[in-house]
Amino acid sequence: MELGLHLPNLTYPNGPAALGSDLARIATTAEDVGFSKLSVMDHVWQIAVIGPPEKDMLEAYTTLGFLAAHTKRIELLAWVTAVVYREPGLLAKSVSTLDVLSGGRAWLGIGAAWNEQESVGLGLPFPPTAERFERLEEALEIFLQMCSDDESPYEGKHYKLGRTLNVPQPLRRPHPPILIGGGGEKKTLRLVAKYAQACNLFAVPELGHKLDVLRQHCAEVGRDYDEIEKTVMMPLDAGRDGEKVDELLGRLGELAALGIDHVHGAVPGVADITPLELLGEKVIPAAAQL
């Protein structure tokens, strides 16, 4: 099992003036201690489960480009991109650019979007749920086409592209891996089976059932279930002095028994750096043996 670091809370003790240097320290430490992925949210306001909307929030792909410049090995992604916030052609170009400039470390993390409050606030599109899912599938089709040598027009219900030229192509072939976020059984997990290299679920009692649903969708579309990376989002809290290491390892072991390959989450006190070092010493090596 691998662990990944998520950075949802960007309000650090040193304030916005030091945010760049704080993020650089966090990213380099995460890479050095063995985290395999590093992600930021694709929100423009802070979300309620973290804090009020007035808390600090950075634009995702600008931030990922910054993080790419300060790292060498760790994989990078938005967890997850809100499909309606960017036109799919521009999104494909952004992910391709990140992949090229990072030396082939980009993922496309994507979902149907959910935050109506910030969308209305900044004038971003937020169509009804059914339409957002239609747009998500078209965006996935466009991304795959733009990562190929097919420059022909794309004609969808919602998006029309006259020429899907994308130069330079991403370094990862045939394309940067796709992670689709969400556990919706009828639509989201079907899209995972059809398009994605990874799913993202939550550590909830229904997790085993969600995986069974994904397995069934894979069977229906002729996809090998085992080739999809199963990821779970949960806090990675080993305690200030390591007092929660055994508890965390026990939970990771339970998830590994269900077939989870990657656990991704926020680390309390991440800006202090010490919690990352503790995870690197006590948890990441042990998780690798699960």
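Going by the structure above, here's the rest.
A.B. asks: For the overall build of the protein, give the residues involved together with the corresponding values.
C.D. replies: Scanning the protein from N- to C-terminus turns up ten helices and eleven strands. Taking 290 residues into account, the globule formula puts the C-alpha radius of gyration at 19 Å, and the protein, at 19 Å, falls close to it. Across its three principal directions, the C-alpha atoms of the protein cover 55 × 45 × 35 Å. For the protein, the residues scored as buried account for 52% of the 290 residues in total. A sequence separation of at least 24 residues applies to 72% of the contacts in the protein between residues at least 6 apart. With the model as given, the accessible surface of the protein reaches about 12900 Å², and the carbon-plus-sulfur share is 54%.

A.B. asks: Lay out the layout of surface pockets with the relevant residues and their values.
C.D. replies: Looking at the largest pocket, its volume works out to about 660 Å³. What lines the largest pocket is a set of 32 residues, and nearest its centre among them are His-6, Trp-79, Trp-114, Phe-202 and Met-233. Put simply, the parts of the chain that give the lining of the largest pocket at least two residues each are β4 (81-82) and β9 (198-202). Considering only residue class, the lining of the largest pocket consists of 20 nonpolar, ten polar and two charged.

A.B. asks: Could you give me a rundown of the nonpolar core, with the residues and numbers involved?
C.D. replies: By size, the foremost hydrophobic cluster in this structure holds 87 residues, and its most contacted members are Leu-5, Leu-7 and Phe-35. With seven residues, the single largest contributor to this core is helix α5 (residues 129-146). Aside from chain neighbours lying at most four places away, what touches Phe-35 is Leu-3, Gly-4, Leu-5, Ala-30, Ile-74, Leu-236, Val-267, Leu-276, Leu-279 and Ile-284. Core analysis: the second largest hydrophobic core is formed by six residues, Leu-77, Trp-79, Leu-179 and Ala-198 among them.

A.B. asks: Please give an account of the environment of Glu-141 that cites residues and values.
C.D. replies: Tracing the chain through its elements places Glu-141 in helix α5. When its relative accessible area of 31% is taken as the criterion, Glu-141 is described as partly exposed. Put simply, Glu-141 and Gly-156 are 15 residues apart on the chain and 9.4 Å apart in space, counted from C-alpha to C-alpha. Residues in contact with Glu-141, not counting those within four places in the same chain, are Tyr-154 and Tyr-195. A polar side-chain atom of Glu-141 sits 3.4 Å from a polar atom in the side chain of Tyr-195.

A.B. asks: Account for helix α6 (residues 188-195), with residues named and values stated.
C.D. replies: Burial analysis of α6 places six of its eight residues in the buried class, the great majority of the element. Turning to α6, its buried residues are Thr-188, Leu-189, Leu-191, Val-192, Ala-193 and Tyr-195. Elements that come into contact with the buried residues of α6 comprise α5, β8 (178-181), β9 and α7 (207-221).

A.B. asks: Go over the sheet that holds strand β11 (residues 262-265), please, and point to the residues and values.
C.D. replies: If you trace the nine strands from one edge of the open sheet to the other, you get β3-β2-β1-β11-β10-β9-β8-β5-β4, paired in parallel fashion. Each edge of the open sheet carries a strand with a single partner, namely β3 (75-78) and β4. Relative to β11, strand β1 (residues 2-7) runs parallel, the two sharing four bridges. Note that in β11 the partner of Leu-5 across the bridge is Gly-265.

A.B. asks: Could you give an account of the pattern of salt bridges, with specific residues and numbers?
C.D. replies: Tallied over the full model, the rule gives 17 salt bridges. Lys-37 serves as the salt-bridge partner of Glu-229, at 3.4 Å between the closest nitrogen and oxygen. Pair noted here: Glu-229 is in strand β10 (residues 229-233) and Lys-37 is in strand β2 (residues 37-40), with a separation of 192 residues, a long-range link. Lys-37 sits in the buried class, given a relative accessible area of 1%. One salt bridge connects Asp-42 with Arg-86, and the closest N-O pair in it is separated by 2.8 Å. With a gap of 44 residues between them, Asp-42 in the loop between β2 and α2 (60-69) and Arg-86 in the loop between β4 and α3 (88-101) connect regions that are remote in the sequence. Overall, Arg-86 belongs to the buried group, its relative accessible area being 14%.

A.B. asks: Outline the pairing of strand β5 (residues 108-111), supporting the account with residue identities and numerical values.
C.D. replies: Alternating positions in β5 separate into two faces, Leu-108 and Ile-110 on one and Gly-109 and Gly-111 on the other, with burial throughout. Direction of pairing for β4 relative to β5: parallel, over a ladder of two bridges. Residue pairing for β5: Ala-82 is matched across the bridge by Gly-111. Two strands pair when backbone bridges link them, and β5 and β8 are joined in this way by three bridges, in the parallel orientation. By the bridge assignment, Gly-109 is partnered in β8 with Leu-179.

So, how was this worked out
Residues numbered from 1 in each chain as written. Predicted model: local features only at pLDDT ≥ 70, side-chain atom pairs only at ≥ 80, totals over all residues. Heavy atoms only, no water. Helix = DSSP H or I, 4+ residues; strand = E, 2+ residues; numbered from the N terminus. Rg over C-alpha atoms; globule rule 2.2 N^0.38 Å. Buried < 20%, exposed > 50% of the residue type's maximum accessible area, 1.4 Å probe, protein only. Contact = heavy atoms within 4.5 Å. Areas by Shrake-Rupley, 256 points an atom, 1.4 Å probe, with all protein chains shown as cover. 1 Å grid on protein atoms, 1.4 Å probe; cavity = no way out; pocket = protein on both sides within 12 Å on 5 of 7 lines; lining within 4 Å. Points joined across faces, edges and corners; volume = space filled by probe spheres on them. Nonpolar A, V, L, I, M, F, W, Y, C, P; charged D, E, K, R; others polar. Core = buried A, V, L, I, M, F, W, Y, C linked by side-chain atoms within 4.5 Å. Polar contact = N/O pair within 3.5 Å; in protein donor to acceptor, adjacent residues only side chain to side chain. Pairing = 2+ DSSP bridges. Salt bridge = Lys/Arg side-chain N within 4 Å of Asp/Glu carboxyl O.

Coordinates in, geometry out; function isn't part of it.
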